[in-house]
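Residue-level structural notes
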Amino acid sequence: MGVLVGKAAPDFTAGAVLGNGEIVDAFTLSDNIKGKKAVVFFYPLDFTFVCPSELIAFDHRLDEFKKRGVQVIGVSIDSVFTHNAWRNTPVNAGGIGQVKYPLVADVKHEICRAYDVEFDEAGVAFRGSFLIDEDGVVRHQIVNDLPLGRDIDEMLRIVDALSFHQKHGEVCPAGWKEGDKGMDASPTGVASYLAENSSKL
């Protein structure tokens, strides 16, 4: 499994179903995230089991991502037609409903291979999530095995941590969340932080 943190996010162009339900033949990552943060997340397949819970969780928090200036993009190896059918299946029937972010169709497996999240034995993608900054650089990635659903609130926390670091220059210690103090990345900074906060860690 490759590490993309610190590297340019692999660009791609593929078919997609947009958040408004429109089907497009050529959705290009760089065109859609230029100058803003993005979360690109991979999931194994439409019409499966853990996947709808994750996609619905992203949709329920989409306003929180938008408030932070973050574009959310889902990717699987399904076709745009399967994506569309899943969006049009009610939640109480195992669908995801009208999720309001793009679902990209990686039918040739080129995108999951570029991000190194393809699970060869099953022919699908692992549950990989990538946070990309305004310059198109991957700043965070996490990859779960197929049975393990993601914590979408944790991705929001990481977005907040990156934004805090970008704004203040300080680093974010273990468990940092919005409203907490940061740490100056220096010997005196870590000593001062730990003196005040080590019991809370």
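This report concerns the structure included in the present document. Please read all numbers here as calculations on a predicted model, not as lab measurements. (Residues numbered from 1 in each chain as written. Predicted model: local features only at pLDDT ≥ 70, side-chain atom pairs only at ≥ 80, totals over all residues. Heavy atoms only, no water.)

Tracing the chain through its elements places Ser 129 in strand β8 (residues 127-132). When the C-alpha positions of Ser 129 and Tyr 43 are compared, they lie 9.0 Å apart, and in sequence the two are 86 residues distant. Ignoring any residue separated from it by four or fewer positions in sequence, one finds Ser 129 in contact with Val 40, Phe 41, His 140, Gln 141, Ile 142, Arg 150 and Met 155. A distance of 3.0 Å separates the side chain of Ser 129 from the side chain of Arg 150, its partner in a polar contact. (Helix = DSSP H or I, 4+ residues; strand = E, 2+ residues; numbered from the N terminus. Contact = heavy atoms within 4.5 Å. Polar contact = N/O pair within 3.5 Å; in protein donor to acceptor, adjacent residues only side chain to side chain.)

Moving on to helix α2 (residues 50-60). The element α2 is largely enclosed, with a buried count of eight among its 11 residues. Along α2, the residues classified as buried are Cys 51, Pro 52, Glu 54, Leu 55, Ile 56, Ala 57, Phe 58 and Asp 59. (Buried < 20%, exposed > 50% of the residue type's maximum accessible area, 1.4 Å probe, protein only.)

Attention now goes to the environment of Val 72. Within the element layout of this structure, Val 72 appears in strand β4 (residues 70-76). Using a relative accessible area of 1% as the deciding quantity, one classes Val 72 as buried. As for Val 72 and Leu 62, which are separated by 10 residues in sequence, their C-alpha atoms are 7.6 Å apart. Filtering out sequence-adjacent residues up to four positions away, Val 72 remains in contact with Val 39, Phe 41, Phe 58, Leu 62, Phe 65, Tyr 101 and Pro 102.

Considering the arrangement of structural elements, one finds Thr 28 in strand β2 (residues 23-28). Ignoring any residue separated from it by four or fewer positions in sequence, one finds Thr 28 in contact with Asp 11, Phe 12 and Thr 13.

Pairing within the open sheet is mixed, and its seven strands lie in the order β2-β1-β5-β4-β3-β8-β9. Of all the strands in the sheet, the pair left with one neighbour each is β2 and β9 (138-144). Within the sheet, the average angular offset between the axes of one strand and its neighbour, ignoring direction, is 30 degrees. When strand β3 (residues 37-42) meets β8, the two strands line up antiparallel, connected through four bridges. From the neighbouring strand, Val 40 faces β8, where its bridge partner is Phe 130. (Pairing = 2+ DSSP bridges. Axes fitted to C-alpha atoms, helices over the stretch in contact; angles between N-to-C directions.)

Moving on: unusual backbone geometry. Even without being a glycine, Phe 47 presents a positive backbone phi close to 55 degrees. Mapped onto the elements of the fold, Phe 47 is located in the loop between β3 and α2. Phi is positive for Asp 116, close to 55 degrees, though the residue is something other than glycine. One can find Asp 116 in the loop between α5 (110-114) and β6 (118-119).

Looking at the secondary structure, you find Trp 176 in the loop between α6 (152-168) and α7 (187-197). Taking the C-alpha atoms as reference points, Trp 176 and Ile 158, separated by 18 residues in sequence, lie 8.9 Å from one another. Setting aside chain neighbours within four positions, we find Trp 176 in contact with Arg 157, Asp 160, Ala 161, Phe 164, Lys 181 and Gly 182.

It is worth spelling out the pattern of salt bridges at this point. In the structure shown here, the tally under the stated rule is 13 salt bridges. The partner of Arg 68 in a salt bridge is Asp 160, with the nearest N and O atoms 2.6 Å apart. Pair noted here: Arg 68 is in the loop between α3 (62-67) and β4 and Asp 160 is in helix α6, with a separation of 92 residues, a long-range link. By relative accessible area, Arg 68 is classed as partly exposed at 25%. Taken together, the salt bridges that share partners define one network made up of Glu 64, Lys 67, Arg 68 and Asp 160. (Salt bridge = Lys/Arg side-chain N within 4 Å of Asp/Glu carboxyl O.)

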